[in-house]
Amino acid sequence: MNEVIASALRDFSIEAFKPIFTRDLDLGEPLPPRAGNLVKVVIGMRRSGKSYRLFQEMDNLLTSGVSENRICYFDFDDDRLKPITPATGDAVLETFYAINPSALSEGAYLFFDELQEMSDWGAWLRRVVATRKATIYVSGSSSKMLSTEIATEFRGRALDFELLPFSFREYAVAHNVPGVDLAARSTEETLRLEGAFQTYLREGGFPATFGLSQGQATALLQSYTQRVVARDVVERHSVRQPRVAALFAQRLLGLNARQLSLRKTTNDLKSAGIPTTKETLGELFAYFQEAYLVFSVRELSFSLSESTTSQPKVYAVDPGLALAGGTAHALDEGQRLEDSVYLELRRRMTGMRRDAISSLRTKGHGYEVDFVVGDVLSGELYDLYQVSADVRDSKTYEREIRALWEALEESRLEEATLIVGTGPEAVLENEGRKIHQVPAWKWLLG
């Protein structure tokens, strides 16, 4: 028996992690243990709360009456076990069933944290699914576990759930801000929610930063970025230019809610004495998206026959992380406001393809609409969203509104949403179409 594994299994107690904050991500009802079960996979960036989401599921099982002897939790991100291979996973199961033999016949609930640390994890998990009477949950920090490896290894036998850092709603609940779930709020409740939102745009939603000083939180968030660069990009993909990867990560976070030009970035790095190529940066951009550090949004055309050569816009996984890890450009609050809206749209897209969020440029005058939710293959649109930090400036307001009116006319949609950082709630009407103007904090509360 491997004593490190045995010690990890025996010493684990969910009580040590309480209180467990209830995340809004719904994994559905637990499946009864059996061979061939669907695997539920929770994916996201490191430190975004995936482990605690597993703990939440385990705590629910215990509350429902499942014996703790049937629950196995194991974190594969343990340096004492390296190299982590399928043999390591076999040893975990053999040790667990040796300690809890009744779980073999009664059925086990298996929780495997950071499973992507195991080499050939997909083939190993497929064998476990086929041979064990179990309900299985997995977490991982690489989106390849979703898009490529899960699809290849399980062929429709897995359900994936994306967990981002805390939303504004979760942040407000965690900080005991009053009025979160009320339909009608007092003036004091509204002011406190508005203030909490401004703080959220600075601090972001990584749970370990809550309660820290600004300096400590910034240092911690910067260490998260460094770990993604080192572990999920340089080490995982054998990147030969780690300095380029680190500088490019900083550049991406600084570009939050702005367009990325690989050619310009390549030239800027060369001018600074750091040689690289556009192709190298393109590969690194894909790796950072796999690691959930950033996302990209491309322009959507109304017609399938049309193509766009526009540069993608970059969005960070968290507004606080962008502020802490990016360049001075990330100080722009409007960028982080737009980022928070993109992330919330992504959270609300359960059951839809994750490429269903695009930007839009109108055909008539080339006006830009920040987000369109719809089918990128057919060009069918569902919702239009424009984001504006402050609509008190008449020129800014006119620019945002005219883009929405023209997009509504061209798309034949009847309603759109203008999300404002500063400004009142209102409904604008024109020829039977409507624009709903909503304060960002209120829209984010859902």
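No experiment lies behind these values; they were computed from the predicted model shown.

1. Observations concerning the overall build of the chain
Helices and strands together make up the secondary structure of the chain, namely 16 helices and 15 strands. Its C-alpha atoms give the chain a radius of gyration of 23 Å, within 12% of the compact-globule value 22 Å for 446 residues. Taking the principal axes of its C-alpha atoms as reference, the chain extends roughly 70 × 55 × 50 Å. Residues classed as buried in the chain amount to 51% of the 446 residues present.

2. Concerning the nonpolar core
Core analysis: the largest hydrophobic core is formed by 70 residues, its most contacted members being Phe168, Leu284 and Phe288. Counting 30 residues, the second-largest nonpolar core is a separate cluster that includes Leu93, Ala103, Val128 and Ile136.

3. Brief notes about helix α2 (residues 50–63)
Over its 14 residues, α2 extends 20 Å from the first C-alpha to the last, a length consistent with the 20 Å expected when each residue adds 1.5 Å. Taken as a whole, α2 has its buried residues at Lys50, Arg53, Leu54, Phe55, Gln56, Glu57, Met58, Asp59 and Leu61. Contact partners of the buried residues in α2: β1 (39–43), β2 (71–75), β3 (108–113) and β4 (134–140). Looking one or two residues beyond α2, the residue adopting positive phi is glycine 65, at roughly 110°.

4. Describing the side chain of arginine 53
With respect to the helices, strands and loops of the structure, arginine 53 is situated in helix α2. According to the relative accessible area criterion, arginine 53 is buried, its value standing at 3%. Sequence-distant contacts of arginine 53, that is, excluding residues within four places in its chain, are made with Arg23, Leu25, Asp26, Leu27 and Leu163.

5. Topic: the packing of helix α10 (residues 242–254) against helix α12 (residues 278–290)
At a minimum axis distance of 11 Å, the contact between α10 and α12 shows a crossing angle of 65°. Relative to α12, the element α10 lies roughly perpendicular. Between α10 and α12 lies a crossing of right-handed hand. Only Leu281, Leu284, Phe285 and Phe288 of α12 make contact with α10, whose side of the interface consists of Val244, Ala245, Phe248, Ala249 and Leu252. For the contact of α10 with α12, the class distribution of residues is 9 nonpolar, no polar and no charged.

6. A closer look at the sheet that holds strand β7 (residues 294–297)
In space, the 3 strands of this open sheet follow the order β6-β9-β7, with antiparallel pairing throughout. A single partner strand is all that each edge strand has here, and the edge strands are β6 (258–259) and β7. With 4 bridges connecting them, β7 and strand β9 (residues 313–316) associate as antiparallel partners. Counterpart to valine 297 in the pairing with β9 is lysine 313. The sheet contacts of α12 involve β7 and β9, and relative to β7 the element is tilted by about 115°. Packed onto the sheet, helix α14 (residues 333–347) meets β6, β7 and β9 and runs at close to 80° relative to β9.

Here is what the cut-offs are and how they apply
- Residues numbered from 1 in each chain as written.
- Predicted model: local features only at pLDDT ≥ 70, side-chain atom pairs only at ≥ 80, totals over all residues.
- Heavy atoms only, no water.
- Helix = DSSP H or I, 4+ residues; strand = E, 2+ residues; numbered from the N terminus.
- Rg over C-alpha atoms; globule rule 2.2 N^0.38 Å.
- Buried < 20%, exposed > 50% of the residue type's maximum accessible area, 1.4 Å probe, protein only.
- Core = buried A, V, L, I, M, F, W, Y, C linked by side-chain atoms within 4.5 Å.
- Expected span 1.5 Å × (residues − 1).
- Contact = heavy atoms within 4.5 Å.
- Axes fitted to C-alpha atoms, helices over the stretch in contact; angles between N-to-C directions.
- Parallel < 35°, antiparallel > 145°, perpendicular 65-115°, else oblique.
- Left-handed = near helix turned anticlockwise from the far one by under 90°.
- Nonpolar A, V, L, I, M, F, W, Y, C, P; charged D, E, K, R; others polar.
- Pairing = 2+ DSSP bridges.

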